[in-house]
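# Structural overview for review
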Amino acid sequence: MKLAWSTATRALLSTACLLTACADADRVIGDPGIASMRRLTESEYRHTVADIFGQEIEIRGRFEPDVREHGLNALGTANLTITPSGFEQYYAIAASVTSQAFDEARAASALGCSPPADGAFDANCATRVLERYGRRLLRRPLDDAELATYLKLAGETVDTFGDFAYGMRQALAVMMTSPDFLFRIERAERHPDDPRAIRLDAYSKATRLAFLLWNTTPDDALLSAAESGVLHTEAGLREQLERLTTSPRLSDGVRALFRDILQLDQFSNVTKDASLYPKFSQVVASSAQEETLRTIVHHLLTQDGDYRELFTTNETFIDRSLAAVYRTRYRFDEEWSRYTFPDSEERAGIVSQISFLTLHSHPGESSPTKRGVAINEIFRCEETPDPPANVDFSIIQDTENPELTTRRKRLLAHSEDPSCAGCHKKLDPLGLPLDRFDALGQHRRLEGSEPIDVSLELEGVGYEGATGLGSALANDPQVSHCFVDHVYGYATGSWAETGDQEMIEEVYSSFSERGHRLRALLSALITHPDFFRPNVPAPASRGETTASLTSNREPLENPK
Amino acid sequence: MIRGPLSVGGLLVFGFASTAMAWTKAYVVEWVEPAVYFDPFDPEAISAASPGRDCPAGVTKDLDYPKQLIDVGHDSESVQKLYDPEVRNAPGFDRAVFAKRGRNGEDVYREPWTAIEYPFPQVEGKLSYGFDLDDDPATGFTGVDGTPGVNNAYYKVMGCIGHYRGHPRTADGAKYSNESMHNGSFTLLLVLEGKQDPMNDPAATLSFHTSPDKLVRDALGGIASDYSFRIDDSHPEFQSKVPVTIKNGVVDSIEPQRIALQVSGGRRLYPARPLVLHRGRLRLELTEDGRLEGLLGGYQPWEPIWRVRANYIIEVVAKIDSPSLWYALKRNADGIPDPETGQMTAISSAFRLWAVPAFSITAVDVASGQGAAHAAPDGGVE
């Protein structure tokens, strides 16, 4: 226990040092400096540990909560820090991970070298271990100072406890609490061909690619491409892009991307009135998310389908629990069966699946407004202002009103309130078409004894139900634009600003021209000359000012 | 063949449709228990020990093992030693000694006829659930609904055992076995099929099956509806098919016939065994909320009823003197005479069950490997 506190303290001091302006930190944020820092999400952390230490390693602990900005946790990660209690959690998780990775059964293969049997410290073996794991953990090679620090810690631990593997696991646990691991730090460097320009260094590029496409730390091939500098070349970049986007692991990246866009992490807060929705359970909640992600991966990657068809497809995947909610049979031929919704179910696309309908409902009833807000924010990138503080919900809540016998009637009456009309007239046409699905996404035709009216008009065009809404979303260019904005924000950790619009437009055009295929979008974005442009002012050369720089756009080497 | 909450002509729809096409509905049983009529003097009473018109002499009490052992000749001193904590808790103490209650020290769990029969309270009330199995209105109870001649001798024997007594779904024994079912020890699947209107069909069938798939609890602790269950064809002893008529949603067996099903399984007190009802009948109701519930009745062999209760544990837990139960069952058996001895081999019985909508999946469905259900007109799937 004494050692645990000791190592934790060391790590805390190390982190504090790196996060503040001490001498070591000066080295990190020196010229040209850090372009951005993004805290690893829980998903990124888990995938990284699995890739480096093995799928069998269990990660036990609580992660610091994420913060969503512009609809994405990925954007919030750029503005997150780590609290003291969070740091303790990260240290506990890291210690647990490395203790599993270097336990008695795994130590020999994990070390990859043979330290002296008497438990003495073997600097050569330790160096190889720390360099190998450090390269994957920090997503770049350890520099000499870092290596010396970790070697010293490992050596002291081995000397004290006479256990080489124990020393390695302590050193790596501390490494896993360093900001270079917990944060994706993108570093800028001077462009070798143009000292007035800066670019992301190759390891930062590799990291951005790996987390965007595979949701994990860069693999050896990607780090090697960074190390050799070939990643800075167009051919080298395209080679890696081809490799990464044709790998089955692309599905990990796509799942993480859509999990963020669709805000599926919010499921942890979802509750339902058990008396009204007894079928809802954590199993159903988990399966519902999986259904949507499987639909997306199947459509966009396996089928190489048009993104817009995610709003119109009636193809999905169901397991036994979802089959019960959809009230259809589960064939037991495999855990997840492909399923085509019959026309009578009136379902179209992912907004008519259980995940979306459940997530954007009240615990006890569906909510056309919440669904409308979600569609507007998630798929149209339009934020909805909070309702006025003095808003009067009495009309909506009065279910005994003999004149206003349905949700639709009450909502339309409520939207006549001038202070509410602005938003509701925009949002309700997006949510009301889904009102034949209850708060658990189960199909229904009646509200009490009245048929549920799902006919709407949006911008002069009439449509009906989920199928009509799906077609409207699919044909709305803003929806595709919004998706490009989200992918850009997710990839870079920054929301597209005015200065990025030229790139966004060019990427959107390419996406559109190539049938709204996801791989086309990723290719257009990643190979765009501005994609790896650091979001920091270019460094001032001697005798110049930042303002005098004409451009920091990165020229690709060997342009074709 | 897809069997779901309601499939009509191979197309599955929800709600009750008037149609003259082949249809199938499936249900999974969420509760099944002996149809005990609990009739306490105090209508508010919930205790199984409450005196009532059904059991004016009260319910069975803890067994007096020392008395029984001494009654058959064991010496008092050695019997008392059995209750010495040091003896009883010592390693190797064999509770089988409590079985040596035969007149000559026989094991009464094997030879119950060697035991002395002790007083065993039985139902004395006039009312019961069940059916007029012998078509003689002069025998048996009056039905709770007024039907004369209801035969339910099983209730007469078992109804004053506190473990089985109580309002519907409250008796300890029923809770124990149904909790076991809810936890996956067995699954009872019902498939209702017909060729006309599911609410009115003069020539439908009701099949009893087991399934390898466990029940799923819902958020209220009940059994979730609309889940899918494979039919297990490997246990014919748990399967049967009963011709039925359906009139305004009430399902009635047409002729008395053998009904076999599983109503217990897997746990120590009530191991898996088929319940066989000879000359069986049923009356179930399709409720407005889509459930199926009602009564089964028939003559079940009485010897297996005793055999599962021929052990020390159930004697203690359920307060049943096992050999006295044997005598009572034998004496009250009222059906299926042995062709050689004339001794009745079965006892009239009734069970009530509640079932929720489900989908039954045949081996053909699983083997088809098509995976996806295909869209079909009229809101159905193939």
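From a predicted model like this one, the values you see are computed outputs, not experimental measurements. (Residues numbered from 1 in each chain as written. Chains lettered and ligands numbered in written order. Predicted model: local features only at pLDDT ≥ 70, side-chain atom pairs only at ≥ 80, totals over all residues. Heavy atoms only, no water.)

Per the secondary structure count, chain A includes 25 helices and 9 strands. Sorting the 560 residues of chain A into buried and exposed places 57% on the buried side. Partitioning the intrachain contacts of chain A with sequence separation of at least 6 by distance along the chain shows that 70% fall at a separation of at least 24. Accessible area of chain A: about 23100 Å², with a carbon and sulfur share of 51%. (Helix = DSSP H or I, 4+ residues; strand = E, 2+ residues; numbered from the N terminus. Buried < 20%, exposed > 50% of the residue type's maximum accessible area, 1.4 Å probe, protein only. Contact = heavy atoms within 4.5 Å. Areas by Shrake-Rupley, 256 points an atom, 1.4 Å probe, with all protein chains shown as cover.)

With that settled, the discussion passes to the state of the cysteines. Scanning the entire structure with this criterion turns up 3 disulfides over all chains. Shown here is the disulfide that connects A:Cys381 with A:Cys482, its sulfur atoms set 1.9 Å apart. Between A:Cys381 and A:Cys482, the S-S dihedral sits near 80°, and the bridge is therefore right-handed. Taken together, the positions of A:Cys381 in the loop between α18 (368-379) and α19 (394-397) and A:Cys482 in helix α23 (residues 477-492) put the pair 101 residues apart, joining distant regions of the chain. Accessibility expressed as a relative area gives 2% for A:Cys482, which makes it buried. The partner cysteine of B:Cys55 in its disulfide is B:Cys160, sulfur to sulfur 2.0 Å. (Disulfide = S-S within 2.5 Å.)

So, on to the packing of aromatic side chains. The relative placement of two aromatic rings is captured by the distance of their centres and the angle of their planes. All names here are of chain B. By the definition in use, this model includes 29 aromatic pairs over all chains. On the numbers, 5.5 Å between centres and 35° between planes, the contact of Tyr65 with Tyr312 is tilted. In this pair, Tyr65 sits in helix α1 (residues 65-71) while Tyr312 sits in helix α7 (residues 312-318), placing the two residues 247 residues apart along the sequence. One exposure class covers both Tyr65 and Tyr312, and it is buried. Over the face of the ring belonging to Trp354 we find Arg169, whose NZ or CZ atom lies 4.9 Å from the ring centre. (Phe/Tyr/Trp six-rings, centres within 6.5 Å; stacked < 30°, edge-to-face > 60°. Lys NZ or Arg CZ within 6 Å of the ring centre and 35° of its normal.)

Hydrogen bonds between backbone groups are what pair the strands of a sheet, and the pairing can be parallel or antiparallel. Residue and element names in this part refer to chain A. Pairing in this open sheet of 3 strands is antiparallel, and the strands run β1-β2-β3 from one edge to the other. Looking at the sheet topology across the chains shown, the edges are occupied by β1 (34-39) and β3 (194-200). Shown here is a sheet whose adjacent strand axes are inclined to one another by a mean of 15°, direction ignored. Across 5 bridges, β1 lies against strand β2 (residues 183-191) in antiparallel orientation. Each bridged residue has a counterpart across the sheet, and for Arg39 the counterpart in β2 is Phe183. Packing against the sheet, helix α11 (residues 202-214) makes contact with β2 and β3, and its axis sits at approximately 140° to β2. (Pairing = 2+ DSSP bridges. Axes fitted to C-alpha atoms, helices over the stretch in contact; angles between N-to-C directions.)

Let's shift gears to the pattern of salt bridges. Residue and element names in this part refer to chain A. With the rule as written, the count across this model stands at 55 salt bridges over all chains. Glu234 is the partner of Arg238 in a salt bridge, and the nearest nitrogen-oxygen pair spans 3.1 Å. Of this pair, Arg238 and Glu234 are both found in helix α13 (residues 234-245), 4 residues apart, which corresponds to roughly one turn of the helix. With a relative accessible area of 38%, Arg238 lands in the partly exposed category. Judged by its relative accessible area of 17%, Glu234 is buried. Among the ionic pairs, Glu447 bridges to Arg407, the shortest N-O distance being 3.4 Å. (Salt bridge = Lys/Arg side-chain N within 4 Å of Asp/Glu carboxyl O.)

Now for the pairing of strand β7 (residues 188-194) of chain B. Residue and element names in this part refer to chain B. The buried fraction of β7 is high, at 7 of 7 residues. Taking every second residue as pointing to the same face, both faces of β7 are buried, with Leu188, Leu190, Leu192 and Gly194 on one and Leu189, Val191 and Glu193 on the other. Where strand β4 (residues 23-34) meets β7, 6 bridges bridge the pair, whose relative direction is antiparallel. Looking at the pairing, Thr24 lines up with Glu193 of β7. Sheet topology places β7 next to strand β8 (residues 201-210); 6 bridges connect them, and they run antiparallel. Across the sheet, residue Leu190 finds its bridge partner in β8, namely Phe208. Counted between consecutive antiparallel strands, the loop separating β7 from β8 contains 6 residues.

All names here are of chain A. Judged by nonpolar contacts, the single largest core of 176 residues is most densely connected at Phe258 and Phe379. Other than its neighbours up to four places away in sequence, Phe258 contacts Gln263, Leu293, Ile296, Leu300, Tyr307, Leu310 and Phe483. In this structure, Phe87, Phe102, Leu137 and Leu142 belong to the second largest nonpolar core, which totals 50 residues. (Core = buried A, V, L, I, M, F, W, Y, C linked by side-chain atoms within 4.5 Å.)

Before going further, it helps to examine the packing of α13(A) against helix α25 (residues 518-526) of chain A. All names here are of chain A. Interaxial distance between α13 and α25 falls to 11 Å at its minimum, and their mutual angle equals 155°. The orientation of α13 with respect to α25, classified from their angle, is roughly antiparallel. For the pair α13 and α25, the sense of crossing is right-handed. Judged by residue contacts, Leu237, Arg238, Leu241 and Thr245 of α13 engage Arg519, Ser523 and Ile526 from α25. Grouping the amino acids of the contact of α13 with α25 by side-chain chemistry returns 3 nonpolar, 2 polar and 2 charged. (Parallel < 35°, antiparallel > 145°, perpendicular 65-115°, else oblique. Left-handed = near helix turned anticlockwise from the far one by under 90°. Nonpolar A, V, L, I, M, F, W, Y, C, P; charged D, E, K, R; others polar.)

Attention now goes to the confidence of the model for chain B. Residues and elements named next belong to chain B. Averaged over every residue, the pLDDT of chain B is 89; residues scoring 70 or more account for 90%. With pLDDT under 50 throughout, residues 6-18 is counted as low confidence; its partners more than four residues away or in other chains account for 50 contacts. Residue range residues 370-382 is modelled with pLDDT below 50. Its contacts to residues more than four positions away, or to other chains, number 44 contacts. (pLDDT = per-residue confidence, 0-100.)

Let us now look at the side chain of A:Asp428. Residue and element names in this part refer to chain A. Mapped onto the elements, Asp428 comes out in helix α21 (residues 418-431). Buried and without a salt bridge, Asp428 has Lys425 as its closest oppositely charged side chain, separated by 7.7 Å. If we ignore the near neighbours within four places in the chain, the residues touching Asp428 are Thr369, Leu411, Ser415 and Pro433. (Lys, Arg positive; Asp, Glu negative; His and termini not counted.)

Residues and elements named next belong to chain A. Taken N-terminus to C-terminus, the directions of helix α7 (residues 123-137) and helix α9 (residues 164-175) make an angle of 30°; their axes are 11 Å apart at the nearest point. Considering the angle they form, α7 stands roughly parallel to α9. Between α7 and α9 the crossing geometry is right-handed. Of the residues in α9, those in contact with Cys125, Ala126, Val129, Leu130, Tyr133, Gly134 and Leu137 of α7 are Phe164, Met168, Ala171, Leu172 and Met175. Among the residues forming the contact of α7 with α9, the class breakdown is 11 nonpolar, 1 polar and no charged.

Turning to α21(A), a few remarks are in order. Residues and elements named next belong to chain A. Between its first and last C-alpha, α21 extends 20 Å over 14 residues, near the 20 Å set by a 1.5 Å rise per residue. At His424, α21 is deflected by roughly 45°, the largest bend along its length. Along α21, the positions that sit buried rather than exposed are Cys420, Ala421, His424, Leu427, Asp428, Pro429, Leu430 and Gly431. Residues of α21 that are buried sit in contact with α18, α20 (407-414), β8 (455-458), β9 (461-464) and α22 (465-474). (Expected span 1.5 Å × (residues − 1). Bend = angle between axes of the 7 residues up to and from the residue.)

This part is about the environment of B:Val191. Residues and elements named next belong to chain B. Tracing the chain through its elements places Val191 in strand β7. Of the residues examined, Val191 reaches a relative accessible area of 0% and is grouped as buried. When the C-alpha atoms of Val191 and Leu206 are compared, they prove to be 5.6 Å apart, with 15 residues separating the residues in sequence.

The next thing to look at is the environment of B:Phe41. Residue and element names in this part refer to chain B. Its place among the elements puts Phe41 in the loop between β4 and α1. Accessibility expressed as a relative area gives 45% for Phe41, which makes it partly exposed. Between the C-alpha atoms of Phe41 and Pro51, which are 10 residues apart in sequence, the distance is 6.4 Å. The residues contacting Phe41, other than those within four sequence positions of it, are Pro51, Gly52 and Arg53.

Moving on, we come to the confidence of the model for chain A. Residues and elements named next belong to chain A. Here chain A averages 88 in pLDDT, and 90% of its residues register 70 or above. Scored below 50 in pLDDT, residues 1-31 makes 40 contacts in the model with residues more than four places away or belonging to other chains. Scored below 50 in pLDDT, residues 538-560 makes 52 contacts in the model with residues more than four places away or belonging to other chains.

All right, on to the side chain of A:Gln353 then. All names here are of chain A. Take Gln353: it is sitting in the loop between β5 (337-340) and α17 (354-359). Polar contacts involving the side chain of Gln353 include one to the side chain of Thr295, which spans 3.1 Å. In this structure the side chain of Gln353 is engaged in a polar contact, spanning 3.2 Å, whose partner is the side chain of Thr316. Contact partners of Gln353, with chain neighbours within four places excluded, come to Glu291, Thr292, Thr295, Glu315, Thr316 and Tyr326. (Polar contact = N/O pair within 3.5 Å; in protein donor to acceptor, adjacent residues only side chain to side chain.)

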